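One letter stands for each residue in the lines below.
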Amino acid sequence: MIVSVNPKIYPLEIIYSAAYVFLDKGYILIDGNPEEEIFVQIKPKNKKENLEKLGNEFNNELVNYAVYVVQASRNQPLRKAIIERVLLTNTIEDEECPECKEEESKKEEENFIVDDPLGIAKPWSPPKETENEKPKNREKKG
Amino acid sequence: MRNLKIGKRRVEIKLNSNLYPQIAVEKALMDFGEVFSATIDKVDENLLLTLNLNSKKVSIEEATYNFLNYLLAEIKNEIGKV
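What counts and how
- Residues numbered from 1 in each chain as written.
- Chains lettered and ligands numbered in written order.
- Predicted model: local features only at pLDDT ≥ 70, side-chain atom pairs only at ≥ 80, totals over all residues.
- Pairing = 2+ DSSP bridges.
- Helix = DSSP H or I, 4+ residues; strand = E, 2+ residues; numbered from the N terminus.
- Axes fitted to C-alpha atoms, helices over the stretch in contact; angles between N-to-C directions.
- Core = buried A, V, L, I, M, F, W, Y, C linked by C-beta atoms within 7 Å.
- Buried ≥ 20, exposed ≤ 12 C-beta atoms within 10 Å, placed from the backbone.
- Contact = placed C-beta atoms within 7 Å.
- Nonpolar A, V, L, I, M, F, W, Y, C, P; charged D, E, K, R; others polar.

Asks: Can you walk me through the sheet that holds strand β2 (residues 26–33) of chain A in this structure?
Replies: In a beta sheet, neighbouring strands are held together by backbone hydrogen bonds and run either parallel or antiparallel to one another. All names here are of chain A. If you walk across this open sheet you meet the three strands as β1-β3-β2, and the pairing is antiparallel. Strand pairing shows two members of the sheet lacking a second neighbour, β1 (2–5) and β2, which therefore form its edges. For this sheet, the mean inter-axis angle between neighbouring strands, taken without regard to orientation, is 20°. Direction of pairing for β2 relative to strand β3 (residues 37–44): antiparallel, over a ladder of eight bridges.

Asks: Is there a simple way to think about the nonpolar core in this case?
Replies: General note: in soluble globular proteins, nonpolar side chains tend to be found buried as a group. Counting 36 residues, the largest nonpolar core has I15, A19, I28, I30 and V40 of chain A together with L71 of chain B as its most contacted members. Put simply, the parts of the chain that give this core at least two residues each are α1 (12–21), β2, β3 and α2 (51–96) of chain A together with β2 (10–16), α1 (22–31), β4 (46–53) and α2 (60–79) of chain B. Those residues within four positions of I15 of chain A in sequence are excluded, and the remaining contacts are V5, Y10, I30, I38 and V40 of chain A.

Asks: What's the story with unusual backbone geometry in this structure? I'm lost.
Replies: Backbone geometry follows two general trends: most residues other than glycine have a negative phi, and most peptide bonds adopt the trans configuration. The backbone of D44 of chain B shows a phi angle near 55°, a positive value even though the residue is not glycine. In this structure, D44 of chain B sits in the loop between β3 (36–43) and β4.

Asks: Looking at this model, I keep getting lost on the interface of chain A and chain B. Mind explaining?
Replies: By a frequent convention, interface size equals the accessible area lost on bringing the separate parts together. In this complex, chain A contributes 18 residues to the contact, which on the side of chain B involves 17 residues. When residues of the side of chain A that touches chain B are traced back to their parent elements, those giving at least two are α1, β2, β3 and α2 of chain A. Its residues assigned to classes, the side of chain A that touches chain B comprises 13 nonpolar, two polar and three charged.

Asks: Where do I start with the pairing of β4 of chain B in this structure?
Replies: The side chains of a regular strand alternate between the sheet's two faces. All names here are of chain B. Bridging between β2 and β4 involves seven bridges; their strand directions are antiparallel. Opposite N16, over in β4, you have N46 as the bridge partner. Pairing of β3 with β4 involves eight bridges; the strand directions are antiparallel. Counted as the bridge partner of S37 is N52 from β4. Here β3 folds back onto β4, and the loop between the two strands holds two residues, one of which, D44, carries a positive phi near 55°.

Below is the structure:
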């Protein structure tokens, strides 16, 4: 089965990609002039395979990859912008904004404070004695 | 196929070097070193490969087509952006 492809409509990389899909189904050999006409020879591995169907499927793969390339080139600026934004966001937090880190740690501390209207949340250890509250019997008798 | 002459133990392949870059062909031949002994010649834009089958485990036809498919996969992965 030989499929003729116009390289001005389907560039070489699209032909390679479409042929790559058919590596499992058949043996591929590409020939011709890349500036005028390219011939893709497909020899099916399974001899019962319908050749016309195989050729039509190859043509569909060509269209598939051609559309993919067009869409990818259209979306490229958008993809680039998204990735740049993602990377820049990380670097600003880490390197350029040390104040942001302090604010974040303060917020985290505030989140630990719990509302305690009944006064339950008290420490279990006894409060430390201040010097004024020390018992008098401990004073030395002179 | 015009560009493929398969004998009992030897095969001659003519490949357009614009479609099958020489460096990719050489790499694929190196990877198939156990299967084939190869010589490469270049005439105009074509690479002429002469492959002698070393292995007795596979038929020459199967080894040749496997080599061509392997070569195509290599090129697609190297060149193809899609």
